[in-house]
Amino acid sequence: MEKKKIFLSDNDGTLTVARKKIVGEMAQTLIEFSKHFHFAVVTGSPYKDMMEQMPEELLQSSNVDFWCCMGNALYRQGKEVLNSHNTIDFNKFKDVLDNILQNCPVKFHKSFPRHHEINNNCAINFTMLGRPEIGEPSHEDREEYVEWDKRNGQRLWIIKYLEERYPEYNMTLGGQISVDIVKKGCDKAQVANYYKDYQISYFGDRIYKTGNDNAIAHEIVDLGGTIYSVGGPADTMKIMQTLIEQDK
């Protein structure tokens, strides 16, 4: 008997520009895609971010699952239906995170207010600069940091620094300016096993070793699934449009 298909996808950087609302052709493509296939968004963000970024039609669709907070909470049609209640001890990291940029041998030439975001107490998103909605940095500052970090590897240094001290945790590149910290076994990879009886495919923009899509991608491959490594929302949209046409 042929397995039912399901398509899983990362959100920021894969379905939408980081922290931005999905609009226009991408929004319409996602809505149409969800009518053809069972679809699940797997994100490090809390559900309140999905409410701000996703079209209402997707949020209310019975054919779309939202796995939030690194896959530790499942929402359908606006209601939480599962929660692993995994937690992370923020106090264990607080002093290290407060001082880590001073210890780093490579330093960005601009300094901004930062904050540590805790998603349902299950993951820490350690931002290098902060976010525009708290005053700084601007979009231009973020883009400048992204290009600088590609050349200088500040976040990779931080990941290595943290991994040596906390081997029981996974450290990965989060968004454009952050590092995600999550207890091993409590990351996005856990979602793959929920759909182990399906034919699974996954869209992600950070499949590489230090990316936060790497663990779930490996899990899906082990289950015989398919991985679509994309460079951004435009790539994802084109693949989805092709799959829609093939399904007609």
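Note: the structure precedes this text.
Residues numbered from 1 in each chain as written. Predicted model: local features only at pLDDT ≥ 70, side-chain atom pairs only at ≥ 80, totals over all residues. Heavy atoms only, no water.

J.: Please explain the layout of surface pockets as it appears in this structure.
T.: The gaps of empty space that remain are located by a probe, the size of a water molecule, rolled over the atoms. Quantified by volume, the largest pocket comes out at close to 520 Å³. Looking at the lining of the largest pocket, the elements with two or more residues in it are α5 (139–152) and α6 (154–165). When residues in the lining of the largest pocket are grouped by element, the largest group, 5 residues, is from α5. Looking at the lining of the largest pocket residue by residue, the classes come out as 7 nonpolar, 7 polar and 8 charged. (1 Å grid on protein atoms, 1.4 Å probe; cavity = no way out; pocket = protein on both sides within 12 Å on 5 of 7 lines; lining within 4 Å. Points joined across faces, edges and corners; volume = space filled by probe spheres on them. Helix = DSSP H or I, 4+ residues; strand = E, 2+ residues; numbered from the N terminus. Nonpolar A, V, L, I, M, F, W, Y, C, P; charged D, E, K, R; others polar.)

J.: For this particular structure, what's the right way to read the pairing of strand β10 (residues 199–204)?
T.: Consecutive side chains of a regular strand alternate in pointing toward one face of the sheet and then the other. For β10, the buried fraction is high: 5 of the 6 residues fall into the buried class. The sheet contact formed by strand β1 (residues 5–9) and β10 spans 5 bridges and is parallel. Its bridge partner being in β10, K5 is matched across the sheet by Q199. Two strands pair when backbone bridges link them, and β10 and strand β11 (residues 226–229) are joined in this way by 4 bridges, in the parallel orientation. Opposite Y202, over in β11, you have I227 as the bridge partner. (Buried < 20%, exposed > 50% of the residue type's maximum accessible area, 1.4 Å probe, protein only. Pairing = 2+ DSSP bridges.)

J.: Before we go on, may I ask you to explain the nonpolar core in this structure?
T.: Soluble globular proteins tend to pack their nonpolar side chains together in the buried interior. In terms of nonpolar packing, the biggest core is built from 32 residues, with L15, L30, F33, F39, M50, M54 and F66 touching the most fellow members. Within the residue set of this core, elements represented by two or more residues are α1 (24–36), β2 (38–42), α2 (47–53), α3 (56–59), β3 (64–68), β4 (73–76) and α9 (233–247). No other element matches the 5 residues that α1 contributes to this core. Residues in contact with L30, not counting those within four places in the same chain, are L15, I22, F39, L58 and M240. I88, V96, F112 and Y169 belong to the second largest nonpolar core, which has 26 residues in total. (Core = buried A, V, L, I, M, F, W, Y, C linked by side-chain atoms within 4.5 Å. Contact = heavy atoms within 4.5 Å.)

J.: Would you explain the packing of α1 against α9 in this entry?
T.: Two quantities define a packed helix pair, namely the angle between the axes and the distance from one axis to the other. Running from amino to carboxyl end, α1 crosses α9 at an angle of 40 degrees, the nearest separation of the two axes being 10 Å. Seen along the crossing, α1 lies across α9 with a hand that is left-handed. From α1, E25, M26, T29, L30, E32, F33 and H36 reach across to α9, where they touch P233, T236, M237, M240, Q241, L243, I244 and D247. For the contact of α1 with α9, the residue count by class is 8 nonpolar, 4 polar and 3 charged. (Axes fitted to C-alpha atoms, helices over the stretch in contact; angles between N-to-C directions. Left-handed = near helix turned anticlockwise from the far one by under 90°.)

J.: Just to check I follow, could you spell out the sheet that holds strand β5 (residues 79–83) for this structure?
T.: On the basis of which strands lie adjacent, the open sheet formed by 7 strands has the order β5-β4-β3-β2-β1-β10-β11 and mixed pairing. One side of each edge strand has no neighbouring strand; the edge strands of this open sheet are β5 and β11. Across the sheet, the axes of successive neighbouring strands diverge by a mean angle of 20 degrees, strand direction being ignored. Contacts between helix α8 (residues 214–222) and the sheet are confined to β1, β2, β10 and β11, with β11 contributing the most and set at about 145 degrees to the helix.

J.: What should I look at first to understand the side chain of T14 in this one?
T.: In this structure, T14 sits in the loop between β1 and α1. Those residues in contact with T14, other than ones at most four positions away along the chain, are S9, F203, G204, D205, V230, G232, P233 and T236.

J.: Is there a simple way to think about the packing of aromatic side chains in this case?
T.: Each aromatic ring pair is described using two quantities: the centre-to-centre distance and the angle formed by the ring planes. Counting across every chain of the model gives 20 aromatic pairs. A ring pair is formed by F33 and F37, whose centres lie 4.9 Å apart and whose planes are at 45 degrees; its orientation type is tilted. A relative accessible area of 0% means that F33 is categorised as buried. Centroid distance Y47 to F66: 6.1 Å. Interplanar angle 75 degrees. Geometry classified as edge-to-face. Of this pair, Y47 sits in helix α2 while F66 sits in strand β3, and the two are 19 residues apart along the sequence. Members of the aromatic cluster, each reached through a chain of ring pairs, are F7, F33, F37, F39, F203 and Y228. (Phe/Tyr/Trp six-rings, centres within 6.5 Å; stacked < 30°, edge-to-face > 60°.)

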